[in-house]
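Here's the letter readout for the chains.
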Amino acid sequence: MSKFVYMFDEGNSEKKELLGGKGANLAEMTRIGLPVPYGFTISTEACNAYYNDKRSISSETEFEILESLRKLEQGTNKKFGDPVNPLLVSVRSGAVHSMPGMMDTVLNLGMNDETVEGIARLTGNSRFAYDSYRRFIQMFSDVVLDIDSFYFEQLLEETREKKGYASDPEMSAADWQEVIKEYKNIVKKYAKRNFPEEPKEQLFLSIRAVFDSWNNQRANVYRRLNKIPDHLGTAVNIQSMVFGNMGNDSGTGVAFTRNPSTGESKLYGEYLINAQGEDVVAGIRTPQPISTLQSEMPEVYQQFVYTCNLLEKHYRDMQDIEFTVERGKLFILQTRTGKRTAQAAIRIAVELVEEGIIHKKEALLRIDPDQLNQLLHRQIDHSYERNLIAKGLPASPGAATGQVVFDADEAESLAKGGENVILVRPETTPDDIHGIVAAQATVTSRGGMTSHAAVVARGMGKACICGCEALKIDLKLKHFKIGNITINEGETITIDGSTGEIMIGEIPMIEPQLSDDFQLLLAWADEKRQLDVRANADTPKDAKKAIEFGAEGIGLCRTEHMFMDTNRIPIVQDMILAETYEERQKALSKLLIMQQEDFEGIFEAMQGSPVTIRLLDPPLHEFLPDKEELLIDVTKLQLTNAHSEGLKAKEHLLRKVHQLHEFNPMLGHRGCRLGMIHPEIYIMQAKAIFYALTKVKQKGINVKPEIMIPLVGHVNELKEMRQLVINAGLQVQRETGQEYNFPIGTMIEVPRAALTADQIAEEADFFSFGTNDLTQTTFGYSRDDAEGKFLQAYIENKVLAENPFSSLDQEGVGKLVKMGVKLGRETKKELKTGICGEHGGEKSSIQFCHDVGLDYVSCSPYRVPLARLAAAQANIKNEHKQSLNKLQVQV
């Protein structure tokens, strides 16, 4: 029979898959001798067995749990349910991957009408005993019996007001007894049953609730967002209780061994005196900074600092630690690797290397490439006047502007409609996660920098302000007040999560500055990666930004984007609408000058780095007015001014739009097919490139253009277009006397190109895989239609594991890429290959590109740092695999 339950002293940190992150850490801390309250862990395998048995705990598992409970009783010299010397426990979830706020916790389990009296006698503190009992009833009812906590909070608030109290510590034992009686009435009303008094029934109901919470909505949302597999399950940790609410020599807190927002090597956290368990993270009271513990409990503080240093050195990373002080004695309840902002992650990784704790490779692997996007977002432009109305705790850096909303569902709904919103709440709960995801930022009036809102926002890289007590929020009237200022739902505010400031109205933003630590980490990444990293850039401004972020060239310059300028569209339309060759050449000569200027700017910006220029790709109708709007204009003129010149011009334009209309433009007259039928367009573009090359070379700047023919599906298309470009180059060479040396390649973006890559390579100097279109043509999906209609449902229902337009479909599209590389290099051994779709900036796709032997990836300028890091990680992981394989061979 499988073993499903483990005492803390039976495990260690290596058993994370079995014991969950929390259980493994509790076992490890017990092993190294830290003051951890004793307990046991019900494994993740037990959770999976629970679901396999149709949500039933088997008799064998039940026996194991009761045996472990007996060992816990022996270890603590207390007895579960004993009215004289009762054992109370906490029940906490503990998934393999940290899921803050996603799962459920029960504290003080084992309390009933008899054991509460035993606790009162043992502690000599009736008020503490009955306070603990009412907390247990409320928490158990919420987590296990599924009764909304609102009913309990409402009753408690009414009781305080009736008695004239400002806070909970003013409540007496008798007051709490009254509250307990009413709490039980709430349970009977909403759960249709009496509150369970028998401790073992409480325990097994709680274990089931934790297992069930693995599949609640917020857990599913969090796993989907963070790509955590559903099959892992959660462990359950049963731990003897220690109490932080036994008076002013007791307390509870959460601390990080380094600042999770900035990475500064300084103890960072919060605590509450005379408080228990979840009070700090629940956001009900605003806590004190950990530094003030030094003056209030100096011996405890020194012991805690020592413990933090020990844990950080043991785990070789910044730790997130939960602790309780019971009557002057420190207990460590939990440690785990602390979540941090990208800024903090980079600083911590670099400083740990400099401190000799970890190596460069490990530092590189510790940074999630996706996190780097946080550093590249805009910040508030401080040169603009700011109408500051309030200041809270700076819980997660970054800035955001949006309209105020007070409800998570409303935030999600408005965001889906394209609105920028800021979610404002008294505090957030795990049920608000979809609103936090949808909002640009979150603001709470209660809670600290380790509250639910803060932890979730930091993990997502979203700005957040917590504990802004000046905000008087009215959820019914949907507004908040600060003094005599009222901000209603729908009004715009700007927040700065780095300073905690809230401002009225919209404030302009500025581009971010990259830290020295960031640049150093990327320099380490450049040392380790094999893949080159280029950028997709269409303008000199984009090219300069690409160089700033470390791009080694341009992997995709989309020339059609140069035509989209409002000043150029009329000339493009003249070219399309031309009735004669002469008219078309007149328009093309104007466009040639404009394109030449663009290329000059890009070549100068790139200073000798390669620039892959894709000739015109989209169909011509995309440069013309919308057919439906044009039809309306023509109809109006026919009714109001039937003989005007304007009507004739509009009718001519409408005829041309009808003529160019395509039933499926993505598969229609575009790319090289356009060049085949209208070669003069590609000739103009090629000449613009060569004229620009000549001009820039005259300034002493080296230029490396690479000309790419789009949408080739047959070698004969590339053969003809290649000769067209060569001829244009020879013509300009005769005019200028300048010799040109340039490779001509193609974008592989239809399946036939990949399948016949050996033939196409005969006419190609390089391949660039356009995986956006290759994904569309392989799946048979129109991206716009798929993402707007069915793709999200496919992902939610697990028909597809990922959006194939975001993360490369390695089984299908990837197989074509792999085949294209293999076949192409069979024809030309040194054939250069790269990728220029959006997948070039996605970490798992970059790993694939490294594994199949591509030479480079190309992505948006702002994703270049991500790609540099991901490429380094890909090589490090590959080296690690090779080392393991060698070791296995030797064994």
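Refer to the structure printed above.
Residues numbered from 1 in each chain as written. Predicted model: local features only at pLDDT ≥ 70, side-chain atom pairs only at ≥ 80, totals over all residues. Heavy atoms only, no water.

Q: Whenever I open this one, the pattern of salt bridges confuses me. Can you help?
A: For side chains bearing opposite charge, pairing can occur when the charged atoms are close. Under the defined criterion, the tally for this structure stands at 54 salt bridges. Of the charged contacts in the structure, one is a salt bridge between K695 and E600, with a shortest N-O distance of 3.9 Å. Of this pair, K695 sits in helix 26 (residues 679-697) while E600 is found in helix 22 (residues 581-606), placing the two residues 95 residues apart along the sequence. For E600, a relative accessible area of 11% gives the class buried. One network of salt bridges, with partners in common, ties together R127, D131, R134, R135, R160 and D168. (Salt bridge = Lys/Arg side-chain N within 4 Å of Asp/Glu carboxyl O. Helix = DSSP H or I, 4+ residues; strand = E, 2+ residues; numbered from the N terminus. Buried < 20%, exposed > 50% of the residue type's maximum accessible area, 1.4 Å probe, protein only.)

Q: Would you explain the packing of aromatic side chains in this entry?
A: How two aromatic rings sit relative to each other is set out by the distance from centre to centre and by the angle between their planes. Summed over the entire model, instances satisfying the criterion amount to 21 aromatic pairs. Consider the rings of F8 and Y38, whose centres lie 6.5 Å apart with planes at 90°: the pair is edge-to-face. In this pair, F8 is assigned in the loop between strand 1 (5-7) and helix 1 (16-31) and Y38 in the loop between helix 1 and strand 2 (39-42), connecting sequence segments 30 residues apart. Like Y38, F8 is buried. Against the face of W214 rests R223, its NZ or CZ located 3.9 Å from the ring centre. The positively charged end of R534 is found above the aromatic ring belonging to Y856, 4.2 Å away from the centroid. (Phe/Tyr/Trp six-rings, centres within 6.5 Å; stacked < 30°, edge-to-face > 60°. Lys NZ or Arg CZ within 6 Å of the ring centre and 35° of its normal.)

Q: Explain the sheet that holds strand 11 (residues 319-326) to me, please; I cannot follow it from the model alone.
A: To summarise the sheet geometry, strands pair through backbone hydrogen bonds and adopt either a parallel or an antiparallel arrangement. Spatial ordering of the open sheet is given by 10-9-8-11-12, a layout of five strands whose pairing is antiparallel. Strand pairing shows two members of the sheet lacking a second neighbour, strand 10 (288-289) and strand 12 (329-337), which therefore form its edges. Bridging between strand 8 (residues 251-256) and strand 9 (residues 268-273) involves six bridges; their strand directions are antiparallel. In the sheet register, A255 faces strand 9, and the bridge partner there is G269. (Pairing = 2+ DSSP bridges.)

Q: I would appreciate a short explanation of the sheet that holds strand 27 (residues 554-558) in the present structure.
A: The eight strands are arranged 26-27-28-29-30-31-32-33 in a closed barrel whose pairing can be described as parallel. Adjacent strand axes in the sheet meet at a mean angle of 30° when their direction is disregarded. With two bridges joining them, strand 32 (residues 832-835) and strand 33 (residues 856-859) adopt parallel strand pairing. By the bridge assignment, I835 is partnered in strand 33 with V857. (Axes fitted to C-alpha atoms, helices over the stretch in contact; angles between N-to-C directions.)

Q: Got a minute to help me understand the nonpolar core in this structure?
A: Proteins that are soluble and globular tend to have nonpolar side chains buried together. Ranked by internal contacts, the top residues of the largest apolar core, which has 128 residues, are F603, F690, I709, V725 and F767. Per element, the largest residue contribution to this core is 11 residues, and it comes from helix 26. Sequence-distant contacts of I709, defined by excluding residues within four places in its chain, comprise L615, C672, L718, M721, V725, I744, G745, T746 and M747. In terms of nonpolar packing, the next biggest core, distinct from the first, is built from 82 residues, L34, A49, Y271 and V325 among them. (Core = buried A, V, L, I, M, F, W, Y, C linked by side-chain atoms within 4.5 Å. Contact = heavy atoms within 4.5 Å.)

Q: Which parts of the structure should I look at to understand a negative patch on the surface?
A: A surface patch of negative charge is lined by E153, E157, E158 and E161. Mapped onto the secondary structure, E153 falls in helix 6 (residues 149-163). (Patch = residues over 30% accessible without salt bridge, like charges linked within 9 Å, V, L, I, M, F, W, Y side chains within 5 Å. Areas by Shrake-Rupley, 256 points an atom, 1.4 Å probe, with all protein chains shown as cover. Lys, Arg positive; Asp, Glu negative; His and termini not counted. Charge placed at Lys NZ, Arg CZ, Asp CG, Glu CD.)

Q: Just to check I follow, could you spell out helix 21 (residues 569-577) for this structure?
A: For an α-helix the count is 3.6 residues per turn, leaving residues at separations of three or four pointing the same way. Most of helix 21 is tucked away, with seven of its nine residues classed as buried. Taken together, the buried positions of helix 21 are occupied by I569, I571, V572, Q573, M575, I576 and L577. Buried residues in helix 21 make contact with helix 20 (560-563), helix 22, helix 24 (645-660) and helix 26.

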